[in-house]
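Coordinate inspection notes
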Amino acid sequence: MSKPILYGADYSVYVRIARMALEEKGINYELVPLDIFAAEGIPAWYLEHHPFGRIPAFEHDGFRLFETSAIARYVDEAFDGPALQPADARGRARMSQMTGMLDAYGYRAMVWDVAVERLEKAEPDESLIAGGLNRAEKVLEVMTSLKAHGPWLLGNQPTLADLHAAPIIAYFIKAAEGSDLLARFAAIHDWYSRMAARASFVGTQKTS
Ligand SMILES: N[C@@H](CCC(=O)N[C@@H](CS)C(=O)NCC(=O)O)C(=O)O
């Protein structure tokens, strides 16, 4: 079988989630650079890989996928390496609940409304940041209540839920407000410190 290809950029939270899954499985893959925010726009050929023009997109032996959760699940199930999904139905349901919650309520609030707004805008919109922090607080509360006993979100085994959450939190805490808020949620703060030490996290940091 050929080497899987991931299209994307190292600044992207979602590309990092997919890359962390590939790294955790020990898969040799190719990252084809695709800058979604390039001044010249999205190349037309890429829309055949991702009709909505987002990153990442994935390809393996002619099998194409977009949507990070689908990519991560395929990576886990189609390749050898440590299992990244719980063996039991409730564990897998909890994992999907966590990743779905992060997509629906966490990503925009934490990454765009707080971190990007605070760090990349010449004149940040304070009301957007305040609203984002409110929604982020709720997400952290719910993560705390859903977190199982043990070092990882679902217990003793790292799963796709951990790989989904860590890059979102990493971006969020680039902003001081994000870092301060995370510090108030001890269980998630400690979990994040463990994630930040994993080779898959360290090896997928943005390089430039
Ligand atoms: N639902 C998509 C979300 C992917 C996504 O939003 N990626 C961001 C980068 S982290 C992107 O491509 N943004 C470009 C845009 O919003 O136009 C997935 O799970 O892969």
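Residues numbered from 1 in each chain as written. Predicted model: local features only at pLDDT ≥ 70, side-chain atom pairs only at ≥ 80, totals over all residues. Heavy atoms only, no water.

1. Description of the packing of aromatic side chains
Overall, the coordinates contain twelve aromatic pairs when judged by the stated rule. Ring centres of Phe37 and Trp112 lie 6.1 Å apart, and the angle between their planes is 75 degrees; this geometry places the pair in the edge-to-face category. Of this pair, Phe37 sits in the loop between β2 (30-33) and β3 (57-60) while Trp112 sits in helix α3 (residues 89-120), and the two are 75 residues apart along the sequence. Taking the relative accessible area as the measure of exposure, Phe37 reaches 55% and is therefore exposed. An aromatic cluster of three or more residues is present, and its members are Phe58, Phe63, Tyr74 and Phe79. Taking the ring centre of Tyr171 as reference, the NZ or CZ of Lys174 above it sits at 4.2 Å. It is Arg198 that lies over the ring of Trp152; its NZ or CZ is 4.9 Å from the centre. (Phe/Tyr/Trp six-rings, centres within 6.5 Å; stacked < 30°, edge-to-face > 60°. Helix = DSSP H or I, 4+ residues; strand = E, 2+ residues; numbered from the N terminus. Buried < 20%, exposed > 50% of the residue type's maximum accessible area, 1.4 Å probe, protein only. Lys NZ or Arg CZ within 6 Å of the ring centre and 35° of its normal.)

2. Thoughts on the sheet that holds β3
Judged by pairing direction, the sheet is mixed, and its four strands sit side by side in the order β2-β1-β3-β4 without closing on themselves. Every interior strand has two partners, whereas the edge strands, β2 and β4 (63-66), have only one. For this sheet, the mean inter-axis angle between neighbouring strands, taken without regard to orientation, is 20 degrees. Examined bridge by bridge, strand β1 (residues 5-8) and β3 share three bridges and lie antiparallel to one another. The partner of Tyr7 across the bridge, within β3, is Ala57. Strand contacts of helix α1 (residues 13-25): β1, β2 and β3, with the helix running at about 160 degrees to β1, the strand carrying the most contacts. Against the sheet, helix α2 (residues 68-78) contacts β1, β3 and β4, and its axis sits at roughly 135 degrees relative to β4. (Pairing = 2+ DSSP bridges. Axes fitted to C-alpha atoms, helices over the stretch in contact; angles between N-to-C directions. Contact = heavy atoms within 4.5 Å.)

3. A short note on the nonpolar core
Formed by 65 residues in total, the largest nonpolar core has its most connected members in Leu140, Met143 and Trp191. When residues of this core are assigned to domains, at least three map to each of domain 1 (5-78) and domain 2 (89-202). Beyond its immediate sequence surroundings of up to four residues, Trp191 is in contact with Met143, Lys147, Pro151, Trp152, Leu153, Asp162, Ala165, Ala166 and Ile169. (Core = buried A, V, L, I, M, F, W, Y, C linked by side-chain atoms within 4.5 Å. Domains from an automatic or database assignment.)

4. Considerations on the site of the ligand
Inspection of the region around the ligand gives Ser12, Val13, Tyr14, Ile36, Phe37, Arg54, Ile55, Pro56, Glu67, Thr68 and Tyr107 as its neighbouring residues. The contact in question runs from a nitrogen atom of the ligand to an N or O atom on the backbone of Ile55, over 2.8 Å. Between a nitrogen atom of the ligand and a side-chain N or O atom of Glu67, the distance comes to 2.9 Å. Protein chains bury 82% of the 510 Å² of accessible surface belonging to the ligand in isolation. One can see that the ligand is located within the largest pocket. Of the residues assigned to the shell around the ligand, the class counts are seven nonpolar, two polar and two charged. (Near = heavy atom within 4 Å. Polar contact = N/O pair within 3.5 Å; in protein donor to acceptor, adjacent residues only side chain to side chain. Areas by Shrake-Rupley, 256 points an atom, 1.4 Å probe, with all protein chains shown as cover. 1 Å grid on protein atoms, 1.4 Å probe; cavity = no way out; pocket = protein on both sides within 12 Å on 5 of 7 lines; lining within 4 Å. Sits in = over half its atoms within 2 Å of the grid points. Nonpolar A, V, L, I, M, F, W, Y, C, P; charged D, E, K, R; others polar.)

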